[in-house]
Every structure is written in C-alpha cells, then in structure tokens.
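Next come the chains, spelled out residue by residue.
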Amino acid sequence: MFSGTSNHSIDAKGRIVLPQKFREELGETFYVTKGFTDCVQVMSVEQFEHLRRQILQLPADKAMSLQYIMISPAVEVAPNSQGRIPIPQTLRESAGLEKEAVVVGMDSRVEIWDKAKFEEFMRLQQQNLSGALELLRL
C-alpha cells in the first residue's frame, strides 16, 4: 500500500526522485502514465497489467477510450542510481508538471502532481470531506 505525501523538484531532464519506500514497493521497473485526474500516475507492472486486463473486459467503446487515455501513453521506467525516474514530456505537459511537484501515495498507485494544482485540488476535496465522513459513519 502506498501512502504519504512529499514535495519534490523536477529536474531539467524531466526526472523526479520517488521516495525510496515507493521505489521498493514498485519494483525494479514500473509504469508511468496519465492519471485519473490532472496528474501522472505510477503503477507497478502487476497493477498496470491488472488495469489493462480490466479495461479489455469493458464494452469496446469504453475500453478504447481508456486505452487511448491510459494505456497508449504508458511508459515502463526504472529508477537511476539516484532514485530518479523520467517522466515523458507528453505526460508532463498533460499534467502541467514543470518544476515543483508533489508525490502522493494513493493505496495501489502513486500520483505525481504539479504542486499548485495539487493544493487547489485538495481545497476542493476538503469541501467534500463532511459528506464522505458521514458515509463512513465516523
């Protein structure tokens, strides 16, 4: 399970350091692709293959949409000796990633956000919090 949030910089070559605990859980290689929201998503090979199999089970029109959005831009990457991974330019552009980023553990995946976009997204999530807590009956 991935959890935790940390701030990181994206270097001039479009690379970012992933926390060591995330790299250990992801394995030697893993996938980087477009996220479900305005972010880049990082998944283990196993999680990516599970998602891919699930997509193939959907009706053709829905499967095709998800294949274009999530499967076609996916790139298998491996961290270098400093723990940095490359984020392809097309994925950086679609997520608005430039210099300051936030790496977020999201249970079965990791998300990489532009810091300003993440802060705004979290402000919006805060507005939904009371309704979600009611459903949990906390």
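Scroll up to find the structure.
Residues numbered from 1 in each chain as written. Predicted model: local features only at pLDDT ≥ 70, side-chain atom pairs only at ≥ 80, totals over all residues. Heavy atoms only, no water.

(A) Main features of the overall build of the protein. Across its full length, the protein holds five helices and eight strands. Reading the protein from its N terminus to its C terminus gives the helix and strand order β-β-α-β-β-α-α-β-β-α-β-β-α. Relative to a compact globule of 138 residues, whose C-alpha radius of gyration would be 14 Å, the protein shows 16 Å and is just as compact. For the protein, the spread of C-alpha atoms along the principal axes amounts to about 45 × 35 × 25 Å. Of all 138 residues assigned to the protein, the portion counted as buried reaches 34%. Across the protein, every contact between residues at least 6 apart in sequence was considered, and the portion connecting residues at least 24 apart equals 60%. Total accessible area on the protein stands at roughly 8,400 Å², and carbon and sulfur atoms take up 54% of it. (Helix = DSSP H or I, 4+ residues; strand = E, 2+ residues; numbered from the N terminus. Rg over C-alpha atoms; globule rule 2.2 N^0.38 Å. Buried < 20%, exposed > 50% of the residue type's maximum accessible area, 1.4 Å probe, protein only. Contact = heavy atoms within 4.5 Å. Areas by Shrake-Rupley, 256 points an atom, 1.4 Å probe, with all protein chains shown as cover.)

(B) Just the packing of aromatic side chains, in detail. This model, assessed by the stated rule, comprises four aromatic pairs. Among the aromatic residues, ring-to-ring pairing joins Trp 113, Phe 118 and Phe 121 into one connected group. (Phe/Tyr/Trp six-rings, centres within 6.5 Å; stacked < 30°, edge-to-face > 60°.)

(C) Seen up close, the pattern of salt bridges. Evaluation of the coordinates by the stated rule reveals five salt bridges. Arg 15 serves as the salt-bridge partner of Asp 11, at 2.8 Å between the closest nitrogen and oxygen. A salt bridge links Glu 120 to Arg 123; the nearest nitrogen and oxygen atoms lie 3.1 Å apart. With a gap of three residues between them, Glu 120 and Arg 123 both fall in helix H5 (residues 115–136), about one helical turn apart. Residue classification places Arg 123 among the partly exposed positions, given a relative accessible area of 48%. Through salt bridges with shared partners, one network takes in Asp 11, Arg 15 and Arg 84. (Salt bridge = Lys/Arg side-chain N within 4 Å of Asp/Glu carboxyl O.)

(D) The arrangement of the environment of Leu 91 in detail. Looking at the element boundaries, Leu 91 is found in helix H4 (residues 89–95). Overall, the relative accessible area of 2% leaves Leu 91 in the buried class. For the pair Leu 91 and Thr 33, spaced 58 residues apart in sequence, the C-alpha to C-alpha distance is 6.9 Å. Leave out the neighbours within four places in its chain, and Leu 91 touches Val 32, Thr 33, Lys 34, Val 40 and Pro 73.

(E) Local environment of the sheet that holds strand E3 (residues 30–34). The six strands are arranged E1-E7-E8-E4-E3-E5 in an open sheet whose pairing can be described as antiparallel. Edge positions in the open sheet fall to strand E1 (5–9) and strand E5 (75–77), since each of these has one partner strand only. For this sheet, the mean angle separating the axes of adjacent strands, direction not counted, is 30°. Of the strand pairs in this sheet, E3 and strand E4 (residues 40–44) are connected by five bridges, and their pairing is antiparallel. By the bridge assignment for E4, Val 32 is matched with Val 42. With respect to the sheet, helix H2 (residues 45–56) is in contact with E3, E4 and E5, its orientation differing from that of E4 by roughly 105°. (Pairing = 2+ DSSP bridges. Axes fitted to C-alpha atoms, helices over the stretch in contact; angles between N-to-C directions.)

Read these as spatial facts, not as claims about activity.
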